[in-house]
Amino acid sequence: MKKVILSLTIIFMVCCNVMEAQTKVGTIDIDFLLMNMPEITTVQENLKEYGTTLDNQLNEKMATYQSKLDDYNKNVASFTEAQKEEKQTEIFALEDDITKFRQNGMQMIRIREDELKRPLYQKIATALEKVAQAEGYTQVLTVNDGSDVVYVDPKFDITFKVAEDLGLEIED
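Residues numbered from 1 in each chain as written. Predicted model: local features only at pLDDT ≥ 70, side-chain atom pairs only at ≥ 80, totals over all residues. Heavy atoms only, no water.

Draft legend 1. Quick peek at the overall build of the chain. Counting its regular elements, the chain contains five helices and two strands. Sequence-ordered secondary structure for the chain, helices as α and strands as β, is α-β-α-α-α-β-α. Evaluated residue by residue, the chain yields a buried proportion of 22% over its 172 residues. When contacts within the chain are restricted to residue pairs at least 6 apart in sequence, long-range pairs at least 24 apart make up 80% of them. If you sum the accessible surface of the chain, you get close to 12700 Å²; carbon and sulfur atoms cover 54% of it. (Helix = DSSP H or I, 4+ residues; strand = E, 2+ residues; numbered from the N terminus. Buried < 20%, exposed > 50% of the residue type's maximum accessible area, 1.4 Å probe, protein only. Contact = heavy atoms within 4.5 Å. Areas by Shrake-Rupley, 256 points an atom, 1.4 Å probe, with all protein chains shown as cover.)

Draft legend 2. Inspection of the nonpolar core at higher detail. Counting residues in each nonpolar core, the largest one holds 22 residues, and the members touching the most others are I28, L33, I124, I158, V162 and L168. Counting only elements with at least two residues in this core, the list comes to α2 (30-36), α3 (40-75), α4 (81-135) and α5 (159-166). For this core, the element with the most residues is α4, which contributes seven residues. Excluding residues that lie within four positions of it along the chain, I158 makes contacts with T27, I28, L128, V131, Y137 and V140. (Core = buried A, V, L, I, M, F, W, Y, C linked by side-chain atoms within 4.5 Å.)

Draft legend 3. Here's a closer look at the pattern of salt bridges. Per the stated rule, a full pass over the model turns up nine salt bridges. Between D165 and K130 there is a salt bridge, with the nearest N and O atoms lying 3.1 Å from each other. In this pair, D165 is assigned in helix α5 and K130 in helix α4, connecting sequence segments 35 residues apart. Taking relative accessible area as the criterion, D165 reaches 33% and is therefore assigned partly exposed. A relative accessible area of 51% places K130 in the exposed class. (Salt bridge = Lys/Arg side-chain N within 4 Å of Asp/Glu carboxyl O.)

Draft legend 4. The packing of aromatic side chains, seen in detail. For the structure on display, the rule yields two aromatic pairs. An angle of 65° between the planes, with centres 5.7 Å apart, marks the rings of F32 and F160 as edge-to-face. Residue F32 is located in helix α2, and its partner F160 is located in helix α5; the two are separated by 128 residues in the primary sequence. Classification of F160 as partly exposed rests on a relative accessible area of 39%. Taking 6.0 Å as the distance between ring centres and 40° as the angle between the ring planes, the aromatic pair formed by Y72 and F79 counts as tilted. Judged by relative accessible area, Y72 falls into the buried class, the value being 12%. (Phe/Tyr/Trp six-rings, centres within 6.5 Å; stacked < 30°, edge-to-face > 60°.)

Draft legend 5. Spotlight on the packing of α4 against α5. Two elements in contact, α4 and α5, have axes separated by 9 Å at closest approach and are oriented at 120°. The crossing of α4 and α5 is right-handed. Of the residues in α5, those touching α4 at K123, I124, A127, L128, K130, V131 and E135 are K161, V162, D165 and L166. (Axes fitted to C-alpha atoms, helices over the stretch in contact; angles between N-to-C directions. Left-handed = near helix turned anticlockwise from the far one by under 90°.)

Draft legend 6. Local environment of α4. For α4, with 55 residues, the first-to-last C-alpha span of 78 Å sits near the 81 Å given by 1.5 Å per residue. The sharpest bend along α4 measures roughly 40° and falls at K117, with the proline P119 sitting one to four residues further on. Phi turns positive, to about 80°, at G136, one or two residues after α4. (Expected span 1.5 Å × (residues − 1). Bend = angle between axes of the 7 residues up to and from the residue.)

Draft legend 7. Representation of the packing of α3 against α4 in the model. Closest axis-to-axis distance for the α3/α4 pair is 10 Å, and the angle between their directions is 180°. On the basis of their axis angle, the class for α3 and α4 is roughly antiparallel. Along the lines of polarity and charge, the residues of the contact of α3 with α4 split into 18 nonpolar, six polar and 12 charged. (Parallel < 35°, antiparallel > 145°, perpendicular 65-115°, else oblique. Nonpolar A, V, L, I, M, F, W, Y, C, P; charged D, E, K, R; others polar.)

Draft legend 8. Structural view of the confidence of the model for the chain. When pLDDT is averaged along the chain, the result is 85; 84% of the residues meet or exceed 70. Element-level mean pLDDT values for the chain span from 50 in helix α1 (residues 2-21) up to 95 in α3. (pLDDT = per-residue confidence, 0-100.)

Below you can see the structure in the form of C-alpha cells.
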C-alpha cells in the first residue's frame, strides 16, 4: 500500500511539473498595429519630405552635370589637351557621384524609415510584453510577411489585445 501511495505521489508530482513546463504560444501582426497607430501619419509625412529632399539634391547634381557637359561640348574645340582631360575627369566624377547617389537613395530612405519607426516599434514591444505577461504567453510569433507561420488559431492572436493596450480603436 505504501508503494502505491508513493507511486501515486511521484506520478502526481511529475504531472504537476510537466504541466508547469508547458508553453503558451501566441501571435501578433505588428504591421497591422503599426499601420493603425496615429503616429504613422507623421512618419509617412517625414519620409515624403526626406524623399523630396533627396530628389532635390539629385536634381541639383543632374543640373550641375548637364551644365558642365554642355559647357564641354560647346567649347571642346578651344580646349587644350590638358583642359580636355581635366573637364572629362570632372564630368566622369559627376557621373559617378550621380550613380552612387541613385544607388544609395533607396537605402538612405530605408534607414530614415527605420529611424522614424523605431519609437513606434518600441511602443508595440512594451505593450506586447505587458499583454504577454498578463496572459501567460511564453512565446509570441509574428504573422507578418516573411514569417513561417502557416496556421494560427485566432484565439491565440493577441494583436487586438496589444492594440487595446496601445489605446488604438480598431474595428473587428
